[in-house]
There are 2 protein chains.
Amino acid sequence: MALARTLEDGGFDALFLADVLGVYDVYGGSKDAAVADAAQIPVNEPTVLLPALAAVTSHLGFGVTVSTTYEQPYSLARRLSTLDHLTRGRVAWNIVTSYLDSAARNLGLGAQVPHDERYEIAEEYLEVCYRLWEGSWEDDAVVRSGGVYADPAKVHDIGHQGKYFSVPGPHLSEPSPQRTPVLFQAGASPRGVRFAARHAEAVFVSGPTPRAVRRSVDAIRAGVAEQGRDPRAVKIFTMLTPVVAETSEEAAAKLREYRSLVSVPVAFARFGGWTGVDLAELPVDEPLTYRDGDANRSALAAFTTAERAWTPRELAGFIGLGGRGPVVAGSGPEVADELERWVAEADVDGFNLAYVTTPGTFADFTRWVVPELRRRGRVPARPAEGTLRERLGGEGPRLAADHPGAAYRR
Amino acid sequence: MALARTLEDGGFDALFLADVLGVYDVYGGSKDAAVADAAQIPVNEPTVLLPALAAVTSHLGFGVTVSTTYEQPYSLARRLSTLDHLTRGRVAWNIVTSYLDSAARNLGLGAQVPHDERYEIAEEYLEVCYRLWEGSWEDDAVVRSGGVYADPAKVHDIGHQGKYFSVPGPHLSEPSPQRTPVLFQAGASPRGVRFAARHAEAVFVSGPTPRAVRRSVDAIRAGVAEQGRDPRAVKIFTMLTPVVAETSEEAAAKLREYRSLVSVPVAFARFGGWTGVDLAELPVDEPLTYRDGDANRSALAAFTTAERAWTPRELAGFIGLGGRGPVVAGSGPEVADELERWVAEADVDGFNLAYVTTPGTFADFTRWVVPELRRRGRVPARPAEGTLRERLGGEGPRLAADHPGAAYRR
């Protein structure tokens, strides 16, 4: 609750709620390191946290992570519509296809569905959702007069019959402010980038340097253009952990303290969860080697480039402070300078801020960096009105006409 | 939101959120009557409505309907734990196995799973949930000191391997105030009653007369005792629609007005949804006949007893005012008298109030009946403290020792 209020006061567009439906149990073949450090366990259900956070805020958007692999589109489409109603159009769906073997085992699949097939399923899943959100209820279906709530002639069965899903319809929710929630995506594999190019309205990327991120950004924007969509309309956010204080010296001291608290096993537990690679098996001070057959090699690739090959120990220091992006420490103006450099060099539209402490990291950022960004015209003085889609892209509240979901409108 | 506040102020124990994941499309083979009158469509997702309602109340409990047929227990158990955390122990789960063909078709099953097999699945589903809620995290697993969040030796994989589900575990949420939410059930079939006798802590029944309800109540209490549980510990609530005003005359006038607004097609649409019986095919003024082969005959049976066989038109008048229980109209003391008669003759512990208007029906009840019930010592002057389980039964916050879920504790 405190975090949501801090972010709203700080002029953030949205709070991003990650999720996993399994445990990080790759490192050393055990979940122990993850459990001890609360690394994604316990992890509560983000779709039911969201309404509680929405109740204490009025502008902040919410990006909620839900997989297309473990739930039927008919019920998830209704849940997301309900959230969009409750928040008056402040919801984004971060579409994931899930990557944890432990989740697949707990959700009745025995083993993971193969990576590329997960995306095939996700494509059809989105098609079903678009039909429900965009094509089932006409804009003037709800009448609410003369004893009639809705005109049955304007509430349509969708009649979807596909390879993975059969959904006759209709949608169970009446149209919400955005109909389709803002679509977020973060897939880094070639198939994931193709999926994002077609469906995403905002994409999360990550990498240690602007140059590494720029490659992803260029690939995504080119892919979006290939799909016949406006490549600048897709907003790209890169991961970054700010460590901020009033002065450079204080920020440096804070960073030193944080670094001294990083636990190598916990960092390895997170990395094992993300990539399926058990660093316990590798020498901690020898550079990581690139493994061609690895399905999740894209996660490893950023750390085994020609520019630099990281050792597991270096990786732990990097991951330990909040994720897969750089740590930027400094005073407010120094951090603002660095953010502007990333925007220019990596061609990103904004940042997905990771944290060392919560809400501490965000409170520091709001106190020292946001006023500086406002002075520079990088953050508006007051939050813009309207739905999340309107605030992110200026258009809305419905999907853009060049988005594939718009084709399902009547 | 207004409804939740009205109920809390009125001293109600809980707000019950029904749900269907399909449309009432049996009547005349079409969903039109249901759509026109908003009969369960639109229907938003109750698990995400609940946190918003909890945010504006502090004592009111929430009974949320979720089916065991369409979602994996691993993710639902986490969702309910999250809700129990968010509400500090105010959550009940109304366990349903789903009854709509239209829901089954939209959720990838093609057709319904046969009735009794749905209960077999539900039995194993509950077993998985008990293992996750009661058996995965020990009471002192969460440490939160010395850099350790939880002791890995006290967070257990559940290792469930059954006929329908395979869930190695562990549970993803740390223990919530009630661990297992209060378990509600409403199955009226013999198999449903057997399920309720084993698992339910509160049971919803319905019937037009105290005598009809008494038969259900006796069967449930006998079944509970057969399971080795205290038959009085299971609370039984019967459905009833109050129409209340300051005087008898005003209440009678209000009832006449409500009756004049009842739509026969809409009542038939609801009945078709509940029972699968299309009343459009039957003569409206001839008594209903009992159909032995009908899987849902239990819903029909109450209306085709030796005491009275209803015609479809009479049924519409009955259903049209709020459900499957009686309509009781009168002043506050008159309605309180009638409620006391039902408690005495049907041996119920309380009521599941249906409404004609919302929150109007509940506001009237709170204004005229609740003060009278408080005078008679039937409703406490102030809401009791504690979790929903403690407020309903006096014990808690955890499952009673004689409940089958308690066997999964470590």
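Residues numbered from 1 in each chain as written. Chains lettered and ligands numbered in written order. Predicted model: local features only at pLDDT ≥ 70, side-chain atom pairs only at ≥ 80, totals over all residues. Heavy atoms only, no water.

Asks: Help me out: how do you make sense of the overall build of chain A in this one?
Replies: Secondary structure summary: chain A contains 15 helices and twelve strands in total. Relative to its length of 410 residues, chain A is compact, with a C-alpha radius of gyration of 22 Å against a globular reference of 22 Å. When its C-alpha atoms are laid out on the principal axes, chain A stretches across 70 × 50 × 40 Å. The burial tally for chain A puts 53% of its 410 residues in the buried class. Counting contacts in chain A only where the partners sit at least 6 residues apart, residues at least 24 apart contribute 74% of the total. As displayed, chain A offers around 16,200 Å² of accessible surface, 49% of which is attributable to carbon and sulfur atoms. (Helix = DSSP H or I, 4+ residues; strand = E, 2+ residues; numbered from the N terminus. Rg over C-alpha atoms; globule rule 2.2 N^0.38 Å. Buried < 20%, exposed > 50% of the residue type's maximum accessible area, 1.4 Å probe, protein only. Contact = heavy atoms within 4.5 Å. Areas by Shrake-Rupley, 256 points an atom, 1.4 Å probe, with all protein chains shown as cover.)

Asks: Can you help me understand the packing of helix α10 (residues 264–275) of chain B against helix α12 (residues 312–320) of chain B in this one?
Replies: The angle between the axes and the distance between the axes are what describe a pair of packed helices. Residues and elements named next belong to chain B. For the pair α10 and α12, the least separation of the axes is 9 Å and the interaxial angle reads 85°. Taken together, the axes of α10 and α12 are roughly perpendicular relative to one another. Facing α10, whose interface residues are Val264, Ala267, Phe268, Arg270, Phe271 and Trp274, α12 presents Pro312, Arg313, Leu315, Ala316, Ile319 and Gly320. For the contact of α10 with α12, the per-class residue count stands at nine nonpolar, one polar and two charged. (Axes fitted to C-alpha atoms, helices over the stretch in contact; angles between N-to-C directions. Parallel < 35°, antiparallel > 145°, perpendicular 65-115°, else oblique. Nonpolar A, V, L, I, M, F, W, Y, C, P; charged D, E, K, R; others polar.)

Asks: Explain the environment of Val327 of chain B to me, please; I cannot follow it from the model alone.
Replies: All names here are of chain B. Looking at the element boundaries, Val327 is found in strand β11 (residues 327–330). Using a relative accessible area of 22% as the deciding quantity, one classes Val327 as partly exposed. Residues Val327 and Val113, 214 residues apart in the sequence, show an inter-C-alpha distance of 34 Å. For Val327, the residues in contact, after removing those within four places along its chain, are Thr241, Val243, Leu255 and Leu321.

Asks: For this particular structure, what's the right way to read the interface of chain A and chain B?
Replies: By a frequent convention, interface size equals the accessible area lost on bringing the separate parts together. In this assembly, 55 residues from chain A lie in contact with 55 residues from chain B. Of the roughly 4,500 Å² buried between chain A and chain B on both sides combined, carbon and sulfur atoms contribute 63%. Put simply, chain A and chain B have six salt bridges between them. When the shortest N-O distance is used, the salt bridge between Arg78 of chain B and Asp19 of chain A registers 2.7 Å. Across the chain A-chain B interface, the total number found is 28 residue pairs in polar contact (both at pLDDT 80 or more). Of all the secondary-structure elements, those providing two or more residues to the side of chain A that touches chain B are α2 (32–37), α3 (46–55), α4 (73–86), α5 (101–106), β5 (148–150) and β7 (166–167) of chain A. Considering every element that reaches the side of chain A that touches chain B, the biggest residue donor is α4 of chain A, with eight residues. Here the residues of the side of chain A that touches chain B sort into 30 nonpolar, 14 polar and eleven charged. (Buried area = accessible area lost by both parts, 1.4 Å probe. Salt bridge = Lys/Arg side-chain N within 4 Å of Asp/Glu carboxyl O. Polar contact = N/O pair within 3.5 Å; in protein donor to acceptor, adjacent residues only side chain to side chain.)

Asks: Could you clarify how one ought to interpret the pattern of salt bridges in this entry?
Replies: Opposite charge on two side chains makes pairing possible when the charged atoms of those side chains draw close. Enumeration according to the criterion identifies 58 salt bridges over all chains in this entry. The salt bridge involving Glu123 of chain A is made with Arg198 of chain A; its shortest N-O contact spans 3.5 Å. Taken together, the residues span a long stretch of sequence, with Glu123 of chain A in helix α6 (residues 115–135) and Arg198 of chain A in helix α7 (residues 190–199) at a distance of 75 residues. Ionic pairing is found between Lys154 of chain B and Asp140 of chain B, a salt bridge with its closest N-O pair at 3.0 Å. Taken as a pair, Lys154 of chain B in the loop between β5 (148–150) and β6 (160–161) and Asp140 of chain B in the loop between α6 (115–135) and β4 (142–145) lie far apart in primary sequence, 14 residues in all. Residue Asp140 of chain B is classed as partly exposed on the basis of its relative accessible area, which comes to 43%. When salt bridges with common partners are traced through the structure, they connect Glu45, Glu71 and Arg79 of chain A together with Glu45, Glu71 and Arg79 of chain B into a single cluster.

Asks: Looking at this structure, I do not really get unusual backbone geometry. What am I missing?
Replies: It is generally the case that most residues other than glycine have a negative phi and that most peptide bonds are trans. The step from Ile41 of chain B to Pro42 of chain B runs through a cis peptide bond, and the omega angle for that step is 0°. Across the junction of Thr358 of chain B and Pro359 of chain B, the peptide omega takes the value 5°, indicating a cis bond. We note that Arg88 of chain A has phi near 55°; this positive angle belongs to a residue other than glycine. Mapped onto the elements of the fold, Arg88 of chain A is located in the loop between α4 and β3 (91–96). Within the chain, Arg179 of chain B stands out as a residue other than glycine whose phi angle is a positive 55°.

Asks: Help me out: how do you make sense of the relation of the copies chain A and chain B in this one?
Replies: One chain copy maps onto the other through a rotation about an axis and a shift parallel to that axis. Superposing chain A onto chain B takes a rotation of 180° plus a shift of 0.0 Å along the axis, which leaves an RMSD of 0.0 Å. Such a combination of turn and shift is consistent with a two-fold rotation axis. When the interface residues of chain A are mapped onto chain B, 100% of them are again interface residues, pointing to one common binding face. (Least-squares fit on C-alpha atoms with pLDDT ≥ 70 in both.)

Asks: What am I meant to see in the nonpolar core here?
Replies: By size, the foremost hydrophobic cluster in this structure holds 203 residues, and its most contacted members are Trp93 and Phe365 of chain A together with Trp93 and Phe365 of chain B. In this structure, Phe365 of chain B is in contact with Phe12, Pro242, Val244, Val335, Leu339, Leu353, Val370 and Leu373 of chain B, ignoring residues within four places of it in sequence. (Core = buried A, V, L, I, M, F, W, Y, C linked by side-chain atoms within 4.5 Å.)

Asks: Would you mind going over the confidence of the model for chain A with me for this structure?
Replies: Low-confidence regions, as indicated by low pLDDT, have predicted coordinates that should not be scrutinised in detail. Here chain A averages 89 in pLDDT, while 94% of its residues score no lower than 70. Taken element by element, the predicted model of chain A shows its lowest mean pLDDT in helix α11 (residues 297–301) of chain A (60) and its highest in helix α13 (residues 332–346) of chain A (98). (pLDDT = per-residue confidence, 0-100.)

Asks: Sorry, what's going on with helix α3 (residues 46–55) of chain B here?
Replies: Along an α-helix, residues three or four positions apart point the same way, because every turn accommodates 3.6 residues. By the criterion of burial, α3 of chain B is predominantly enclosed, with eight of the ten residues buried. When we look at burial in α3 of chain B, the residues that qualify are Pro46, Thr47, Val48, Leu50, Pro51, Ala52, Leu53 and Ala54 of chain B.

Asks: How do you make sense of the side chain of Thr68 of chain A when you look at a structure like this?
Replies: Residue and element names in this part refer to chain A. Relative to the helices and strands, Thr68 resides in the loop between β2 (61–67) and α4. The class of Thr68 is buried, set by a relative accessible area of 2%. Residue contacts for Thr68: discarding those within four places in its chain leaves Trp93, Ile95, Val96, Thr97, Ile121, Ala122, Tyr125 and Leu126.

Asks: Looking at this structure, how should I read the environment of Trp133 of chain B?
Replies: Along the chain, Trp133 of chain B falls in helix α6. Taking the C-alpha atoms as reference, Trp133 of chain B lies 45 Å from Tyr258 of chain B; in sequence the two are 125 residues apart.

Asks: Mind showing me how you'd approach helix α1 (residues 2–9) of chain B here?
Replies: All names here are of chain B. Of all the residues in α1, the buried ones are Ala4, Thr6, Leu7 and Glu8. Looking at the packing, one finds that the buried side of α1 touches β1 (14–17), α3 and α14 (360–375). Positive phi shows up at Gly11, right after α1, with a value of about 75°.

Asks: Quick question: what am I supposed to make of the side chain of Ser173 of chain B here?
Replies: Relative to the helices and strands, Ser173 of chain B is located in the loop between β7 (166–167) and β8 (182–185). Among the polar contacts listed, one links the side chain of Ser173 of chain B to the side chain of Asn44 of chain A, at a separation of 2.7 Å. Apart from the residues within four sequence positions on either side, Ser173 of chain B is in contact with Pro42, Val43 and Asn44 of chain A together with Arg78, Ser81, Thr82, His85 and Trp137 of chain B.

Asks: Got a minute to help me understand the packing of aromatic side chains in this structure?
Replies: Two descriptors summarise a pair of aromatic rings, namely the distance from one centre to the other and the angle between the planes of the rings. All names here are of chain A. In total, this model carries 24 aromatic pairs over all chains according to the counting rule given. Consider the rings of Phe204 and Phe237, whose centres lie 6.2 Å apart with planes at 40°: the pair is tilted. Here the residue Phe204 occupies a position in strand β9 (residues 202–205), and Phe237 occupies one in strand β10 (residues 235–244), the gap between them amounting to 33 residues. Each member of the pair Phe204 and Phe237 is classed as buried. A network of ring pairs unites the aromatic residues Phe12, Tyr355, Phe362 and Phe365 as a single cluster. (Phe/Tyr/Trp six-rings, centres within 6.5 Å; stacked < 30°, edge-to-face > 60°.)

Asks: Just to check I follow, could you spell out the packing of α1 of chain B against α14 of chain B for this structure?
Replies: Residue and element names in this part refer to chain B. Put simply, α1 and α14 touch, their axes get as near as 10 Å, and they point 10° apart. In terms of axis orientation, α1 runs roughly parallel to α14. Contacts from Leu3, Thr6, Leu7 and Asp9 in α1 reach Phe362, Ala363, Thr366 and Arg374 in α14. Of the residues in the contact of α1 with α14, the class split is four nonpolar, two polar and two charged.

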